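# Overview (structure and organization)
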Amino acid sequence: MGKEKLRRAMMFAPGNNPAMLQNAGIYGADSIIFDLEDAVSIPEKDAARHLVASALKHFKYPCEVGVRINHISTPWGRDDLECVLASKPDFIRLPKGETADEIKLIDEIISEAEEKHGFAAGSIQMMTAVESPKGLRNAYEMATASPRMMALAIGGEDFVTSLKTTKTKGGRELFTARSMLVFAAREAGVDVIDSVFSDIRDEETFIEEVKLIKELGFDGKSVVNPRQINLVYQVYTPTDKEIEYAQKVLAAYREALERKSGVISLNGKMIDAPMITRAERVLAYAAAVGAYRKEEAL
Ligand SMILES: CC(=O)SCCNC(=O)CCNC(=O)[C@H](O)C(C)(C)COP(=O)(O)OP(=O)(O)OC[C@H]1O[C@@H](n2cnc3c(N)ncnc32)[C@H](O)[C@@H]1OP(=O)(O)O
Ligand SMILES: O=C([O-])CC(=O)C(=O)O
Ligand SMILES: [Mg+2]
């Protein structure tokens, strides 16, 4: 697929909840994020970072596992990094990222920790969540500030708060920010992950939101609850009709190559180079997720 990993559902688990930390791997999320930031109250910050470091060290997880630290400018950010890096998380998620300098600083701290603990240089990745207009303006600079950067995310709850508005069902208020983040991530060549959807009982609106972010170009979504994981996967799984069409496009392309014909048509419709790229992507994605679904299923 030309990508290292699927990141359709990245599930947060609160860093102060031992049972959730222990069981977070059993639900089939592509990635897990242990949270030390907003899911953890101030009096619990110190205990949570040690709990997370211990979970990373002692439990085996079937997917990549990262830690959302407190922002590096808070009283907890550096301690979070120092403590959890010793247990070698797969990645660090910086919340409320705003500048390339923050990314460079964290990159340096990770490099020092890799050397100190004997981990391979560059083996711990990074991502940041954009949660303010300033972060959005600097998204491309942040995404390219370190070779460790694997993804940009949007933190919609904080983003709408910084806009002095609220989250609506259709997400009109986030539409421009979401699109701009996709542009920045695609230009930088990193993954792009949508925000959490907090009402875990409202599956219908959740599915609509996942359809929207998939259409906008996101690679996946941050989720807060195991029951959201499969809903994301269903939306992201190519349908039987999409696969069939992709196969037809590629067959028509191969046939045109054999005939040395410049123009390719399928059922009277011209097939051009971007359509071939998209057809190849559909088939590679279906192979990577190992599944397809009936068009009518959602
Ligand atoms: C805006 C932001 O910053 S969001 C990021 C920070 N927020 C978070 O990390 C919150 C993560 N989510 C949660 O803590 C929980 O899902 C809640 C509090 C929202 C709901 O919790 P519950 O009411 O227990 O959910 P639910 O009944 O669906 O749980 C079913 C099972 O899944 C477990 N579970 C639920 N959410 C999670 C999770 N995020 N990670 C791991 N396990 C979980 C529960 O412990 C429960 O396990 P059990 O059956 O063994 O008892
Ligand atoms: O980053 C996320 O998806 C969750 C978050 O902090 C927010 O929405 O503010
Ligand atoms: Mg936030």
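Just so you know, these numbers come straight off a predicted model, no measurement behind them.

### Details of the site of ligand 2
The immediate surroundings of ligand 2 are formed by F12, R68, R93, E131, I154, G155, G156, E157, D158, S195, V196 and S222. R68 places a side-chain nitrogen or oxygen 2.8 Å from an oxygen atom of ligand 2. Between D158 and ligand 2, the recorded distance is 2.9 Å, taken from a backbone N or O atom to an oxygen atom. Considering ligand 2 on its own, with 270 Å² of exposed area, one finds that the protein chains cover 94% of that surface. When atoms are counted within 2 Å of each cavity's grid points, the one that captures over half of ligand 2 is the second largest pocket. In terms of residue count, helix α7 (residues 156-162) provides more of the shell around ligand 2 than any other element does, 3 residues in total. Taken together, the residues of the shell around ligand 2 break down into 3 nonpolar, 4 polar and 5 charged.

### Describing the packing of aromatic side chains
All told, the structure shown has 3 aromatic pairs when counted by the stated rule. Relative to Y61, the ring of F34 has its centre 5.5 Å away and its plane inclined at 70°; by these criteria the two rings are edge-to-face. Here the residue F34 occupies a position in strand β2 (residues 31-35), and Y61 occupies one in the loop between α2 (45-58) and β3 (64-68), the gap between them amounting to 27 residues. A relative accessible area of 15% places Y61 in the buried class. An aromatic cluster of at least three residues, connected via ring pairs, comprises F34, F59 and Y61.

What counts as what
Residues numbered from 1 in each chain as written. Chains lettered and ligands numbered in written order. Predicted model: local features only at pLDDT ≥ 70, side-chain atom pairs only at ≥ 80, totals over all residues. Heavy atoms only, no water. Near = heavy atom within 4 Å. Polar contact = N/O pair within 3.5 Å; in protein donor to acceptor, adjacent residues only side chain to side chain. Areas by Shrake-Rupley, 256 points an atom, 1.4 Å probe, with all protein chains shown as cover. 1 Å grid on protein atoms, 1.4 Å probe; cavity = no way out; pocket = protein on both sides within 12 Å on 5 of 7 lines; lining within 4 Å. Sits in = over half its atoms within 2 Å of the grid points. Helix = DSSP H or I, 4+ residues; strand = E, 2+ residues; numbered from the N terminus. Nonpolar A, V, L, I, M, F, W, Y, C, P; charged D, E, K, R; others polar. Phe/Tyr/Trp six-rings, centres within 6.5 Å; stacked < 30°, edge-to-face > 60°. Buried < 20%, exposed > 50% of the residue type's maximum accessible area, 1.4 Å probe, protein only.

What is shown is where atoms sit, not what they do.
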